Amino acid sequence: MQALMSFLSQHSALFFAFGVLVTLAVIVEFIRLRRAAAKVTPHQAVLLMNRENAIVLDLRESADFQAAHIVDAVSIPYPELKNRIKSLNAHRTKPLLLLATKESDSTHAATDLTQAGFDARILAGGIRAWREAELPLIKG
């Protein structure tokens, strides 16, 4: 114990720097967790749609949307989202269920929408999970 106290007194700047780094790491992790949108299963998504009138926001390309999409989904391809966020203002009070081809697109879109004041959630597993749950899709 004496050696530890001696080390700390001789290297107080190092000890202080270590404390600052640990504090910053905790803060960054807290912010990351707070910003992360909740992921919901297809069955949880159905409950949100039925109980809270959640809007499915399909961020896939138009061709993928036309091939198969969730009933009443709104199609806004991910590259267009930032320019079209204002068009979603009518749905600001409802949860938005995000569906994208890549999970990173859903995550980035959820961050953008959350910062714009929306309640954005990600459909875990995307359209594949929806199909595996044998839930209905519209074609065309």
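Residues numbered from 1 in each chain as written. Predicted model: local features only at pLDDT ≥ 70, side-chain atom pairs only at ≥ 80, totals over all residues. Heavy atoms only, no water.

Caption draft 1: Fine view of the overall build of the chain. For the chain, the count of helices and strands is 7 helices and 5 strands. Order of helices (α) and strands (β) in the chain, N terminus to C terminus: α-α-β-α-β-α-β-α-β-α-β-α. Taken over the C-alpha trace, the chain has a radius of gyration of 22 Å; the compact-globule value for 140 residues is 14 Å, which it surpasses by more than 25%. Here the chain, with 140 residues, has 33% of them falling under the buried criterion. At a minimum sequence separation of 6, the contacts of the chain that also span at least 24 residues come to 65%. (Helix = DSSP H or I, 4+ residues; strand = E, 2+ residues; numbered from the N terminus. Rg over C-alpha atoms; globule rule 2.2 N^0.38 Å. Buried < 20%, exposed > 50% of the residue type's maximum accessible area, 1.4 Å probe, protein only. Contact = heavy atoms within 4.5 Å.)

Caption draft 2: View of the side chain of Arg60. Its place among the elements puts Arg60 in the loop between β2 (55-58) and α4 (62-67). Under the relative-accessibility criterion, Arg60 is labelled buried at 6%. At 2.8 Å, the side chain of Arg60 and the side chain of Asp58 are in polar contact. From its side chain, Arg60 meets the backbone oxygen of Ala68 in a polar contact 2.6 Å long. (Polar contact = N/O pair within 3.5 Å; in protein donor to acceptor, adjacent residues only side chain to side chain.)

Caption draft 3: Here's a closer look at the pattern of salt bridges. Per the stated rule, a full pass over the model turns up 6 salt bridges. A salt bridge links Arg60 to Asp58; its shortest N-O distance comes to 2.8 Å. (Salt bridge = Lys/Arg side-chain N within 4 Å of Asp/Glu carboxyl O.)

Caption draft 4: View of unusual backbone geometry. Positioned with a positive phi, Asp72 is a non-glycine residue whose angle comes to about 65°. Asp72 sits in the exposed class, given a relative accessible area of 69%. The phi dihedral of Glu134 is positive, around 55°, even though this residue is not glycine. On the secondary structure map, Glu134 appears in the segment after α7 (126-132). Owing to a relative accessible area of 72%, Glu134 belongs among the exposed residues under this scheme.

Caption draft 5: Structural view of the pairing of β2. Of the two faces of β2, both are covered, the one formed by Ile55 and Leu57 as well as the one formed by Val56 and Asp58. For β2 and strand β3 (residues 74-75), the ladder comprises 2 bridges, and the chain directions are parallel. Each residue of the ladder has a partner; that of Asp58, found in β3, is Ser75. (Pairing = 2+ DSSP bridges.)

Caption draft 6: The arrangement of the sheet that holds β3 in detail. Spatially, 5 strands are ordered β1-β5-β4-β2-β3 in an open sheet, and the strand pairing comes out parallel. Sheet topology places β1 (38-40) and β3 at the edges, where each strand pairs with a single neighbour. For strand β4 (residues 95-99) and strand β5 (residues 119-123), the ladder comprises 4 bridges, and the chain directions are parallel. Bridge assignment links Leu98 to a residue of β5, and that residue is Ile122.

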